[in-house]
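# Secondary and tertiary structure notes
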Amino acid sequence: MDAGELAEEADLVELGLDSLRLMAVVGDLRRDGIGVTFADFAADPTIRAWQRLVAQAGTATAATAPPASTDALAEPFDLSLLQQNSVVELYADRAVLVTGDR
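Residues numbered from 1 in each chain as written. Predicted model: local features only at pLDDT ≥ 70, side-chain atom pairs only at ≥ 80, totals over all residues. Heavy atoms only, no water.

All told, the structure shown has one aromatic pair when counted by the stated rule. Each ring, one from Phe-41 and one from Trp-50, has its centre 4.6 Å from the other, and the planes form 20 degrees; the classification is stacked. Across this residue pair, the class does not change: Phe-41 and Trp-50 are buried. (Phe/Tyr/Trp six-rings, centres within 6.5 Å; stacked < 30°, edge-to-face > 60°. Buried < 20%, exposed > 50% of the residue type's maximum accessible area, 1.4 Å probe, protein only.)

The following block contains the structure:
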């Protein structure tokens, strides 16, 4: 799908957006000084809602915008057991396609 084909009210989760990609989007915006949160973006995952949130956050001053720490984002970290299981489940079907094992 081309970006021009994407309706502003389309639910991006239904179109395949996952939480990791959403965290990356929010992280990029926060690094650029835009004080948005993952929870706000996840609550209404549409382009229209995100445009509104970014516009509202864009009026915040540097003093009120949440700090964007790049140090923590750049460092590797251990996955929790829940995260590890999620990755295994996510890629289990793909491994079958590659190895042919079931």
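Still to come is the rest of the account.
The next subject is the nonpolar core. Side chains that are nonpolar tend, in soluble globular proteins, to be buried together. By size, the foremost hydrophobic cluster in this structure holds twelve residues: Leu-12, Leu-17, Leu-22, Val-26, Leu-29, Ile-34, Val-36, Phe-41, Ala-49, Trp-50, Leu-53 and Ala-57. When residues of this core are traced back to their parent elements, those giving at least two are α1 (19-31) and α3 (47-58). For this core, the element with the most residues is α3, which contributes four residues. Not counting the four nearest positions on each side in its chain, Ala-57 is found in contact with Ile-34, Gly-35 and Val-36. (Core = buried A, V, L, I, M, F, W, Y, C linked by side-chain atoms within 4.5 Å. Helix = DSSP H or I, 4+ residues; strand = E, 2+ residues; numbered from the N terminus. Contact = heavy atoms within 4.5 Å.)

For the rest of this paragraph, the subject is the confidence of the model for the protein chain. Across the protein chain, the average pLDDT comes to 77, with 72% of residues at 70 or higher. Per-residue pLDDT, averaged within each element of the protein chain, yields its smallest value for helix α4 (residues 70-74) (57) and its largest for helix α2 (residues 38-43) (92). (pLDDT = per-residue confidence, 0-100.)

Attention now goes to the pattern of salt bridges. Evaluation of the coordinates by the stated rule reveals five salt bridges. Salt-bridge contacts for Arg-48 lead to Glu-8; the nearest nitrogen and oxygen are separated by 3.2 Å. In this pair, Arg-48 is assigned in helix α3 and Glu-8 in the segment before α1, connecting sequence segments 40 residues apart. You can call Arg-48 partly exposed: its relative accessible area is 46%. For Arg-48, the salt bridge goes to Glu-9, with nearest N and O atoms at 3.6 Å. Placement of the pair is Arg-48 in helix α3 and Glu-9 in the segment before α1, with a sequence separation of 39 residues. (Salt bridge = Lys/Arg side-chain N within 4 Å of Asp/Glu carboxyl O.)

The end-to-end C-alpha distance of α3 is 16 Å, a good match for the 16 Å that twelve residues give at a rise of 1.5 Å each. Inspection of α3 places Ala-49, Trp-50, Leu-53 and Ala-57 among the buried residues, and these make up the whole buried set. Burial along α3 is one-sided: seen end-on, the buried residues are contained in an arc of 95 degrees. (Expected span 1.5 Å × (residues − 1). Arc of directions from axis to C-beta.)

So, on to the environment of Glu-14. Note on placement: Glu-14 falls in the segment before α1. Judged by its relative accessible area of 69%, Glu-14 is exposed. Separated by 31 residues in the primary sequence, Glu-14 and Pro-45 place their C-alpha atoms 9.2 Å from one another.

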